[in-house]
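# An overview of the molecular structure
What follows is each chain in one-letter form.
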Amino acid sequence: MKYKHSKTNRAIRLADIPELSITELSGALEKACISGKRVIGFFGDTKDEGRVRVYSILADDDASEILIASCVFTAGEKYRSLTATVPQMHMFERELYEQTGIIPEGHPWLKPLRSGGSYEFFKSTGEEMHEVAVGPVHAGIIEPGHFRFICAGERIEHLEIRLGFQRRGVEKQFEKSSGRQMPALAESVCGDTSAGHAVAYASVLEALSGADVPRRAHVVRAIALELERAAMHAGGLGAIANDIAYLMGNAVCGANRTTLINTSLLISGSRFGRGLVRPGGVVYDIDAEKAALTARSTVEAAARIGEMAEEMFSAASVMSRLQQTGIVTKEDAVSLGLTGFTARACGVPIDSRSDHPSGAYKYYPVTKLTMDSGDVFARAYLRHLELQQSACLITEMCESIPAGKITDKCDVLMPEAIAISIVEGWRGGIVYAGITDKNGTIRRLKIKDPSFNNWFGLALAVRGNGISDFPLCNKSFDLSYCGNDL
Amino acid sequence: MFDILKIRWKHGRQYIPDLKKAAVAKEFRGFPVITAVDKLTFDPAEVCPAAAIGTSPVSVDMGKCIFCGDCERACKNNEIKFSNRHKMAADAAKNMIITAGISAEMYEKEAVRCRREIKKIFGRSLKFRQVSAGGCNGCELELNACSNVNFDMGRFGIEFTASPRHSDGVVITGPVTKNMAHALLETYNAIPEPKIVIAAGACAISGGIFGEAEEISREFFKDHKVDLYVPGCPIHPLTFINGILRLIGR
């Protein structure tokens, strides 16, 4: 094995990371992915004289390990694209090309990922073929993205998703901050996963500074993460109900989502858990009274959503819309590197909370939940189950918050080092990799939101479905635009 | 069928009867109360991620503030405290700059003035097209929440529409990325006259923490007047709804 073995939230000196030739790296990466490792990072860090050190980061879920290796390129250099042999590299190679100019030769789909300007869509012609263009501005209150369908009659033959409209240059902003901690920026990378991104960012800084985050802070963070998961799953279930005109489902989920996010407000002063997580720990404590209140409202909301969901999923009119719609096979899910509940709904048992446990999840183990059918129903039903699981976890944690401080010092970072953090947000694995320069300031921060992996899954899922089912498929994936566009 | 009715009966009333009187939990970070005139016990440039704090005189610009609470914790003499008052909307950018002596009660009375022509045309029915232009989905979720069973903004005839052609104005979220600037303008142009513009959230109002980024384009706001600013990060549904109610004189 040519990769260096590490773990989530551990700092490694840059000098200790193997520097391979691209042939060696490609071979090692291909071999690792055949044996079930997942690509969680493939990005460049620009060094002096236009040279770029490309880091390849893999997750070994069985061994709870992170594998890391690197390769030095000069800007504009070419190498043999890995997408053909390792399809999950598809987006990573496009991103690397866009960010550094290193060309993956033979990449089947080397199109702009985030930049504006000209873009050529795939074309398919035939007597019954027609194109439908949707977006970037959509009919509801959602983020912008462009969808180009090629249909035969009403059946979708192909969907191409063009994103990048939300590009704010977040990674660059972290890098420009010259030593200043930017937790508020992390909370806005993808605003529906504020807690998830904030914990990932804080974990990177804590690993690099060697901060000893108190147990109490870890538990408060996990409660915030689970509240976020429960609330977003409630919102997602409601939206799916709304898309099939099952309005009671939307009403009940909406009302109880309010309860859940107001519980986040109780803890953090923000309905989205913002301002709570800071490098070193958390800034708001959960006292006994708040813990009891949190547990009580969560249990009540989960019970109400639960009975509504069971009622909804037992209605034939609902099931006929959800089942056999938007299917992703397990093989596709694995080869595309899908993550989160989307992957678990296809029977891929990955969940960073138990594969790469960190923080409170070391002490409150999470059982992985999976479904097999990979359709809209599987994704929706799994979210219902995960919501209930989150409620149980929150109750368990609220009943046993360890005593002690809620924060530790986290200021001086280890120079010339990298730390990688994986956090299971409600959508899936969030990966942050932070690289420091010789002064111990963050020189490069690489962010991977789960949406980055999963958008392509949506494009595959809708093939062969009626175009009128697209909103339903889209909602069942519930992906982030800004999380992808950064 | 009977099971659904049973659930409906059991869950009971969900709507908030009076949105104007509704209060949020005391933990909520809303309208900032400032007690210092010209002396802060911390360096705002080091503390505030949004560059929202001014020093002479001491001020908080709610159009930039992301209500993270970092300054509140840095204060040694409670110079800046966030109250849980949520009625923070304003009809002019300068109104949102809060200094010592501006109380929430005073602000709420004066920050949004009802304009006669707006009341006449939109007072009973106001439909919006929403454009997210770099929004992180925080404000978008809260705007969706405005129409849920709790807040039920539709009771006032205020709703979001799918087409700009059916709407009376645009609600903008996000700092406006270069890649969305064109789509935002096109959407705005597709709305029939007369129309109003609402900027929701710190990003839309001022660019927020993304204001300095080169991927952001604020051209739209140079050419178009904003009728209502709704501070927050993200905005609270009550801030949004109450702001509009003031604007249309209800």
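Refer to the structure presented above.
Residues numbered from 1 in each chain as written. Chains lettered and ligands numbered in written order. Predicted model: local features only at pLDDT ≥ 70, side-chain atom pairs only at ≥ 80, totals over all residues. Heavy atoms only, no water.

## Looking at the overall build of chain A
For clarity, the cut-off: Here a helix means four or more residues in a row that DSSP labels H or I, a strand means two or more in a row labelled E, and each is numbered from the N terminus. As defined in this context, the radius of gyration uses C-alpha atoms, and a globule is described by 2.2 Å times the residue total to the power 0.38. The rule is simple: take the accessible area with a 1.4 Å probe, protein chains only, and divide by the maximum for that residue type; under 20% is buried, over 50% is exposed, in between is partly exposed. By definition, residues are in contact when any of their heavy atoms lie within 4.5 Å. Accessible surface area values rest on a Shrake-Rupley calculation with a 1.4 Å probe, where residue burial reflects the displayed protein chains alone.
Secondary structure summary: chain A contains 16 helices and 15 strands in total. Relative to the 2.2 N^0.38 estimate, which gives 23 Å for 486 residues, the radius of gyration of chain A is 22 Å and therefore close to what a compact globule would have. For chain A, with 486 residues in total, the buried portion stands at 65%. Counted over contacts in chain A with a minimum sequence separation of 6, partners at least 24 positions apart contribute 68%. Of the roughly 16300 Å² of accessible surface on chain A, a fraction of 52% belongs to carbon and sulfur atoms.

## Considerations on a nonpolar patch on the surface
All names here are of chain B. Counted only if it meets this: Two distance rules govern patches: like charges are joined within 9 Å, and nonpolar side chains (Val, Leu, Ile, Met, Phe, Trp, Tyr) within 5 Å, applied only to residues with over 30% relative accessible area and no salt bridge. Salt bridge criterion: a side-chain nitrogen from Lys or Arg within 4 Å of a carboxyl oxygen from Asp or Glu.
On the surface, a nonpolar cluster with roughly 410 Å² of combined accessible area is contributed by Met1, Phe2 and Leu5. For Leu5, the position within the fold is in helix α1 (residues 2-11). For Leu5, a relative accessible area of 44% translates into the label partly exposed.

## Section: the layout of surface pockets
Which entries qualify depends on this criterion: For each structure, a 1 Å grid was placed over the protein atoms alone; sets of points admitting a 1.4 Å probe that cannot get out are labelled cavities, open sets with protein on both sides within 12 Å along at least five of seven lines are labelled pockets, and lining residues have an atom within 4 Å of a point. Grid points are joined across faces, edges and corners, and a volume is the space filled by probe spheres set on the points. Residues are grouped as follows: nonpolar covers Ala, Val, Leu, Ile, Met, Phe, Trp, Tyr, Cys and Pro; charged covers Asp, Glu, Lys and Arg; every other residue, Gly included, is treated as polar.
Within this model, the largest pocket holds a volume of roughly 1300 Å³. What lines the largest pocket is a set of 47 residues, among which Ile142, Ala239, Asn242 and Lys475 of chain A together with Asn144 of chain B lie closest to the centre. At the level of secondary structure, the elements contributing two or more residues to the lining of the largest pocket comprise β8 (129-134), β9 (146-152), α6 (215-243), α7 (247-268) and α15 (470-477) of chain A together with β6 (126-132) and α6 (138-146) of chain B. With nine residues, the top contributor of residues to the lining of the largest pocket is α6 of chain A. For the lining of the largest pocket, the residue count by class is 25 nonpolar, 15 polar and seven charged.

## Thoughts on empty space enclosed by the protein
According to the stated counting rule, one finds ten cavities of 30 Å³ or more in the structure shown. Of the voids in this model, the largest cavity is the one considered here, and its volume is about 180 Å³. Lining the largest cavity are 22 residues; nearest its centre among them are Ser270 of chain A together with Ile66, Phe67, Cys233 and Pro234 of chain B. Looking at the lining of the largest cavity, the element that brings in the most residues is helix α4 (residues 183-189) of chain A, giving three residues. Grouping the constituent residues of the lining of the largest cavity by class yields eleven nonpolar, six polar and five charged.

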